Amino acid sequence: MSPESKSQEPNQPLHPRTRAVHHGIRRSQYGEMAEALFMTQGFSYDSAEQAEARFLGAGPDEFIYARYGNPTSRMFEDRIADLEGTEDAFATASGMAAVNGALMCFLKPGDHIVSSRALFGSCLYVLDLLARFGVEVSYVDGTDIDQWRAALRPDTRAVFFESVSNPTLEVVDIAAVAELAHAVGALVVVDNVFATPVYSRAARQGADVVVYSATKHIDGSGRCLGGVICGTRAFVREVAEPYLKHTGGAISPFNAWLMLNGLATMDLRVRAQTDSALQLAAAMKDQAGIARVIYPGVPEHPQHDLVMRQMGAGGTMVALDLGSKEAAFAAMNRMRIFQISNNLGDAKSIVTHPSTTTHQRLSEETRLALGITPGLLRLSIGLEDAGDLIADIRRSLG
């Protein structure tokens, strides 16, 4: 029996950290403590009539095929929707499957979408794909509310943005953009990876659809791929699910099981990583060899007030500009704790050079316009001691 099914004191909802451990659990007849892994691609039926009834409309605890749903996946979906404050969620094979599914499932030729131009390279690819299929895409500076206002039109179907941009950590005002978008009837789709479910208030601030790469902070250990689309039950089950189940974007039961395990420790991990990120950013403020420190959690960040109002913390990511590609590469190659990789949200600290990896497909002109300079490093802060991380960077600067 989960805590939700036991009697609770009135008006005393459970803390998110507690819900991340217990919410949505489904136990078999054996009463296992750990979340069960239903490693099956299909399900049997007691009769032909039951099979027919399932295909006519399966209930929340009735399953047909793993591409359509699975008990382990459903536990993960219920738990993340509860944490995010949305009615429902659909778990996908990767974060990009979630981004693709959240947009492709309802946009059609002739529709108009407005997007922040500061996006992860693969997100830009999906928007380019939409444009090839006849969707008109307008790009704006996500931090400039006047540009959003000017770009929105009566026929705008959706807006899309990263709440905190990758990799330059610009913050988009979710509530302000949502108010403008809703005034023209547009759906607000937010990629909330850098905010994490720990600090997310996106649904309360006006987001209609919240997308995560669960590969990042939710798993938190660099083990597997996964994504999730959170939103209203009508959007998730009537719009997104048909697209995803027919195009094969559903998460595997094993990966969903790993994500459930990740959720149990996510709050503790992310808060510890955020504390270390703040310490590191403060220590690098006047460090020789660093031309620029970007971290929303310090007062010097131009959107510090917004990020504190929107998230309550600066998050786990820090960006450092070392002035040139040569200086950036030399520092990366000297680091002993930070691992050179392109993932983030891991328990291990990671350093990435965006202009030659995650954002290399952009033109140099576009990268520079977005603030992705040749010397920029993106740091994903892990669970190591903050003092060791600071020493590692200082040592790497030579």
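Use the structure listed above.
Residues numbered from 1 in each chain as written. Predicted model: local features only at pLDDT ≥ 70, side-chain atom pairs only at ≥ 80, totals over all residues. Heavy atoms only, no water.

Q: Any chance you could break down the overall build of the chain for me, citing the residues and the numbers?
A: A count of helices and strands for the chain gives 14 helices and twelve strands. Over its C-alpha trace the chain gives a radius of gyration of 21 Å, about what one expects of a compact globule, namely 21 Å for 398 residues. Over its C-alpha atoms, taken along the principal directions, the chain stretches across nearly 70 × 50 × 40 Å. Residues counted as buried form 55% of the 398 residues belonging to the chain. Across the chain, contacts joining residues at least 24 apart in sequence account for 72% of those joining residues at least 6 apart. (Helix = DSSP H or I, 4+ residues; strand = E, 2+ residues; numbered from the N terminus. Rg over C-alpha atoms; globule rule 2.2 N^0.38 Å. Buried < 20%, exposed > 50% of the residue type's maximum accessible area, 1.4 Å probe, protein only. Contact = heavy atoms within 4.5 Å.)

Q: Would you mind going over the pairing of strand β5 (residues 187–191) in detail, with residue names and values included?
A: A large share of β5 lies buried, amounting to four of its five residues. Where strand β4 (residues 156–162) lies against β5, five bridges are found, and the strand directions are parallel. Its bridge partner being in β5, V159 is matched across the sheet by V188. Since β4 and β5 lie parallel, the crossover through helix α7 (residues 174–183) that links them has a hand, and here it is right-handed. Relative to strand β6 (residues 209–213), β5 is paired through three bridges, and the arrangement is parallel. (Pairing = 2+ DSSP bridges. Right-handed = clockwise from strand over helix to strand, strands pointing away.)

Q: Describe the nonpolar core, and please don't skip the residues or the numbers.
A: Ranked by size, the top nonpolar core spans 93 residues in total, and within it F76 and L103 carry the most contacts. The dominant element in this core, judged by the number of residues it contributes, is helix α10 (residues 253–283), at seven residues. Apart from the residues lying within four places of it in its own chain, the contact partners of L103 are I113, V126, L127, L130, F160 and V189. Core analysis: the next-biggest nonpolar cluster, separate from the first, contains 22 residues, Y295, A328, M332 and L389 among them. (Core = buried A, V, L, I, M, F, W, Y, C linked by side-chain atoms within 4.5 Å.)

Q: Quick one: what's the story with the packing of helix α4 (residues 95–104) against helix α5 (residues 121–132), residue by residue and with numbers?
A: Two elements in contact, α4 and α5, have axes separated by 10 Å at closest approach and are oriented at 30°. The orientation of α4 with respect to α5, classified from their angle, is roughly parallel. The element α4 and its partner α5 pack so that their crossing is right-handed. Side by side, α4 and α5 meet where M96, V99, N100, L103 and M104 of the first sit next to S122, C123, V126, L127, L129 and L130 of the second. The residue makeup of the contact of α4 with α5, split by class, is nine nonpolar, two polar and no charged. (Axes fitted to C-alpha atoms, helices over the stretch in contact; angles between N-to-C directions. Parallel < 35°, antiparallel > 145°, perpendicular 65-115°, else oblique. Left-handed = near helix turned anticlockwise from the far one by under 90°. Nonpolar A, V, L, I, M, F, W, Y, C, P; charged D, E, K, R; others polar.)

Q: For the packing of aromatic side chains, give the residues involved together with the corresponding values.
A: With the rule as written, the count across this model stands at five aromatic pairs. In this arrangement the basic side chain of K245 is found over the ring face of Y68, its NZ or CZ atom lying 4.5 Å from the centre. (Phe/Tyr/Trp six-rings, centres within 6.5 Å; stacked < 30°, edge-to-face > 60°. Lys NZ or Arg CZ within 6 Å of the ring centre and 35° of its normal.)

Q: Lay out the state of the cysteines in plain terms, naming residues and giving numbers.
A: Considering all chains together, one arrives at zero disulfides under this definition. Here C105 stays free of any disulfide, with the sulfur of C230 as its closest cysteine sulfur at 13 Å. (Disulfide = S-S within 2.5 Å.)

Q: Explain unusual backbone geometry to me, using residue names and the numbers behind them.
A: Between N166 and P167 the backbone carries a cis peptide bond, its omega angle lying at 10°. Take P167: it is sitting in the loop between β4 and α7. Even without being glycine, L169 reaches a positive phi, approximately 60°. Structurally, the position occupied by L169 is in the loop between β4 and α7. A positive phi is found at T196, a non-glycine position, where the angle reads about 65°. Examined against the element boundaries, T196 turns out to sit in helix α8 (residues 196–199). With relative accessibility at 0%, the residue T196 sits in the buried group.

Q: Let's hear about the sheet that holds strand β7 (residues 227–231): which residues, and what values?
A: Within the open sheet, the seven strands sit side by side as β1-β7-β6-β5-β4-β2-β3. Their pairing is mixed. For this open sheet the edge positions go to β1 (88–92) and β3 (136–140), each flanked by a neighbour on one side alone. Averaged over all pairs of adjacent strands, the angle between their axes in this sheet comes to 20°, without regard to strand direction. Running over the sheet, helix α3 (residues 71–84) touches β1, β6 and β7 and is turned about 125° from β1. Here helix α9 (residues 233–247) sits on the sheet in contact with β1, β5, β6 and β7, set at roughly 20° to β1.

Q: Give me the pairing of strand β12 (residues 376–380): which residues, what numbers.
A: Strand residues, when the strand is regular, have side chains that alternate between the two faces of the sheet. β12 sits mainly inside the fold: five of its five residues count as buried. Alternating positions in β12 separate into two faces, L376, R378 and S380 on one and L377 and L379 on the other, with burial throughout. The sheet contact formed by strand β9 (residues 317–321) and β12 spans five bridges and is antiparallel. Opposite L320, over in β12, you have L377 as the bridge partner. Summarising the sheet, strand β11 (residues 350–352) and β12 pair through three bridges and their orientation is antiparallel. Directly across from V351, in β12, lies its bridge partner L379.

Q: Run through the packing of α4 against α9, naming residues and quoting values.
A: Their axes nearest at 9 Å, the elements α4 and α9 cross at an angle of 115°. On the basis of the axis angle, α4 is roughly perpendicular to α9. Helix-helix and strand crossings are classified by hand; for α4 and α9 the assignment is right-handed. Contact residues: α4 offers A97, N100, G101, A102 and M104, while α9 offers F235, Y243 and L244. In the contact of α4 with α9, the residues fall into six nonpolar, two polar and no charged.

Q: Help me get a handle on the environment of G315, residues and values and all.
A: Secondary-structure assignment places G315 in the loop between α11 (304–310) and β9. Put simply, G315 and D275 are 40 residues apart on the chain and 8.4 Å apart in space, counted from C-alpha to C-alpha.

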